[in-house]
Every structure is written in C-alpha cells, then in structure tokens.
Amino acid sequence: MMAGSIAKLVVSLGANTSQFETDMKRATRMSKKEMQKLERQAKALNDKWNRHFKNLGLGVAAGLAVATKSAIDFEKSMAEVSTLLDDTTSFDKLTESVKELSIQFGAAPTDQAKALYHIISAGASTAAEQFENLTVANKLAVGGVTDVATAADGLTTVLNAYSAVGLDVNRISDVLFNTMKNGKTTIGELSQSIGNVATIASQTGVSFEEIGAAVGTLTKSGIDTTRSMDALRGVLSAVLKQSDQSVAMAQELGIEFNATALAAKGLHGFLADIANSGATSEQLSKLFGRVEGLNAVMALGAEDGREFTDQLESMAKASGLTEEAVGKMADTTAFKVSQATSAIKIIGIEFTDRFLSGVSGAAVAIVDHIDHITQAIETLVAMLVGRLAVAGVAAFTA
C-alpha cells in the first residue's frame, strides 16, 4: 500500500518536474526575446543620439565656418576703407559705428563697409560727415527697399554734382524718395543712373528738385529710368551746345534758347516758354536735334505740362519722406528679422576676431621664420634618406 503511494508520488513529482522544465524553457525563450528587443531599442536610441550629436556638430561647424568667412570679409572690406584715409587714428571708432549701424538698420556688415567706401571715396573727409552720410544711406535703403551700398552710391553722386551749392544729403534722399513715389522707378534704378544727368544739370543751374520731378514725369509716362536720364541729358546738352539750326529756330520762335536763360528760369520755366511759343514738333526737333531730347520735351510738355508742374510742386512737401518710410518699414517682421540676423553676424565677427588674431599671429610667425622652417625640413628629410639608405644596405648584405 505504501509502495503504491510512493510510486504515485514519484510519478507526480516527475510530471511536475517536467512541467517546470517546460515552463523554464518557455521563460528563457521569452527572456531572450525581451533582451533582444531591449538591445534593439537601445541600439536605436544610441543611433538616434549619435545622429543628433552629429547634426549638432555639423551645425556648429557650419556656423563657425560662416562666422569665420563673415569676419574675414568684414576685415578685408574695412581694410579697403582704411586705404582711403590719411588719418586712421579714429578708424577703430569708425569700425564700431559701422557695426552699430548694421544692427540698427539690418544691413550686412560687409554691405555697410562697401557703402562707407563709396562715401569716403566721394569726398567725405571727416568722421562726422562719413557717419551722417552712411546713416542717411541706410535710411534711404530701408525706405526705398534697396541695399545700402547702392543707396550710398546715388547719394554721393548727387552730393558731388551739387557740391557748389552745398545740397544737404537728407534733402537729396527725400527728393530721390519723392521721385520714386511719384514716378515708375526705384531707388536702385535712380541711384545707378542719376550720374548720367546730375553733373550737367548742376552746371546748367537746373535744381535737383527739377531733375527729380522731370524723371518722375518721364518714367510715369512709360519711359524707363535710364532712358529718362539720357533724354534729360540730351535736352540740357542741346541748350549748352547750340547748333546753327537751333539758334536760327530760336530766333524764328522769338525765345531765349541758351544756358543763361535755362539757369535763370529753371528747366520748368524754360520749357514752359518754349511751349508757349507754339512750336510744332518739327520746330522742336530743330531745337533739340536728337530724338531722345525731343521725346523728353514732348512728354514734359504734355497737357500743358500739368504732370511736370504737379511733381515739381510736390518736391516742396518732400521733407521727411525718407524718415517716414523707415518708420513704416521698421514695424515689419522682415525688418526685425534682418536686425536680428545682423546682430548675430556681429556677434560672430566679435567672437571670430579673437580666433583670427591667433591665426594671424601664427601665419606671421611662419612667414617670419620660413627660412628656418625650410632648413629644418631639409635636414629632417636628409636624415630620413640617410637612415633608409643604411637600412637598405644592411638588408642587402644580410
């Protein structure tokens, strides 16, 4: 009886043990799967972090590369500016002013330096004059939606042309802006082509306001900016360089057709007298000769010169237009972003300057000691060649 119970117990224990082993194997298999799953998750997480750190590293490297290039370009641009200065004692202060204006108006530091180069090469000799002209150029660039170097080019061209009458840079900016506003042109186009007519206009006593009103009228009539400037130059040239034909025609019409009359009456009054003479298109062609000049005269005299008169009268109200435009543009998100971008560039330049000073010092040291470095390299090469030769002989005789 007891033997039977024991047998049953042994069978039962055997069965339970077998079940236990089966459960252990199943648990082991599950543990391996879980471990493999955890390993895969860990590897994925590790790869993800590696990618993030790699991208971060690439981003930092790219940022440093951009900052370094900006610093080098700015340093080079300002060095070019310094070549125009007889006295460089205040150059560091001027450089800081350029950086400040870059942040204030959101223009790249190198663009500021290029604009300053235009301003100084045009004749601005004092730091105060240079700073004022650069500030006005920035305002015109912002209000007129162009770059500061282009704006500075236009301003300085007019400043030089009208230097004898001491035309103020702020007034020039407002007249240019009013011309753009009333015509079909841009500050960029005006700045690039104003040199075609500014000098001859000042020489003949034609005010810059009249030039602006005339260009505004001509571009509004459909003549592009460059051709408008060329046409006005043609009109003024015809008056300065009279032909026998134009002199005879002026006598026939009973008008004064000379530089003295042009200076005394101004372009508007001069053309009004010609219009009042009742001159026909054929007679006008004999006065002005070239087609460009004739087209300008006819466009300015259209509808009794009403448009030209209105635009000229608007010039009296042009003061402050540039400043007003800057105020409007300063409220835009784009302007604020450009300011932030410039600020970041300046920070990068300041940071990189310290690094570049070390690089520059190392470069100078290499140049200064190039003979010694070359001699040391030659000696080292000779030693290596000698040892290789000895080793070769030893190997051959072995």
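Before going into details, it helps to say that this report is about the structure given with it. (Residues numbered from 1 in each chain as written. Predicted model: local features only at pLDDT ≥ 70, side-chain atom pairs only at ≥ 80, totals over all residues. Heavy atoms only, no water.)

### What about unusual backbone geometry?
At Val 145, a position not held by glycine, the phi torsion is positive, near 55°. Topologically, Val 145 is positioned in the loop between helix 4 (127–144) and helix 5 (148–161). Looking at Val 145, the relative accessible area reads 65%, which means it is exposed. Phi is positive for Glu 303, which is not a glycine, with a value near 50°. When you line up the elements, Glu 303 lands in helix 15 (residues 302–314). Residue Glu 303 is classed as exposed on the basis of its relative accessible area of 59%. (Helix = DSSP H or I, 4+ residues; strand = E, 2+ residues; numbered from the N terminus. Buried < 20%, exposed > 50% of the residue type's maximum accessible area, 1.4 Å probe, protein only.)

### Remarks on the packing of helix 13 (residues 281–288) against helix 14 (residues 291–300)
For the pair helix 13 and helix 14, interaxial distance at closest approach is 9 Å and the crossing angle is 130°. By the criterion of interaxial angle, the relationship of helix 13 to helix 14 is oblique. Crossing of helix 13 over helix 14 shows right-handed handedness. Judged by residue contacts, Ser 281, Leu 284, Ser 285 and Phe 288 of helix 13 engage Gly 293, Leu 294, Val 297 and Met 298 from helix 14. A breakdown of the residues in the contact of helix 13 with helix 14 according to their chemical character gives 5 nonpolar, 3 polar and no charged. (Axes fitted to C-alpha atoms, helices over the stretch in contact; angles between N-to-C directions. Parallel < 35°, antiparallel > 145°, perpendicular 65-115°, else oblique. Left-handed = near helix turned anticlockwise from the far one by under 90°. Contact = heavy atoms within 4.5 Å. Nonpolar A, V, L, I, M, F, W, Y, C, P; charged D, E, K, R; others polar.)

### Quick notes on the pattern of salt bridges
A full pass over the atoms with the stated rule returns 12 salt bridges. Here Lys 99 and Glu 96 are joined by a salt bridge, their closest N and O atoms 3.5 Å apart. With Lys 99 and Glu 96 both in helix 2 (residues 91–105) and 3 residues apart, this pair spans about one turn of that helix. On the basis of relative accessible area, Lys 99 is assigned to the buried category, the value being 7%. Residue class for Glu 96 comes out partly exposed when judged on its relative accessible area of 37%. (Salt bridge = Lys/Arg side-chain N within 4 Å of Asp/Glu carboxyl O.)

### A closer look at the nonpolar core
Of all hydrophobic cores here, the largest spans 89 residues; its most connected members are Phe 208, Ile 211, Leu 267, Leu 287 and Phe 288. Among the elements that line this core, the one with the most residues is helix 5, at 8 residues. Excluding anything up to four places from it in sequence, Ile 211 contacts Tyr 162, Ile 194, Val 197, Ala 201, Val 206 and Leu 232. (Core = buried A, V, L, I, M, F, W, Y, C linked by side-chain atoms within 4.5 Å.)

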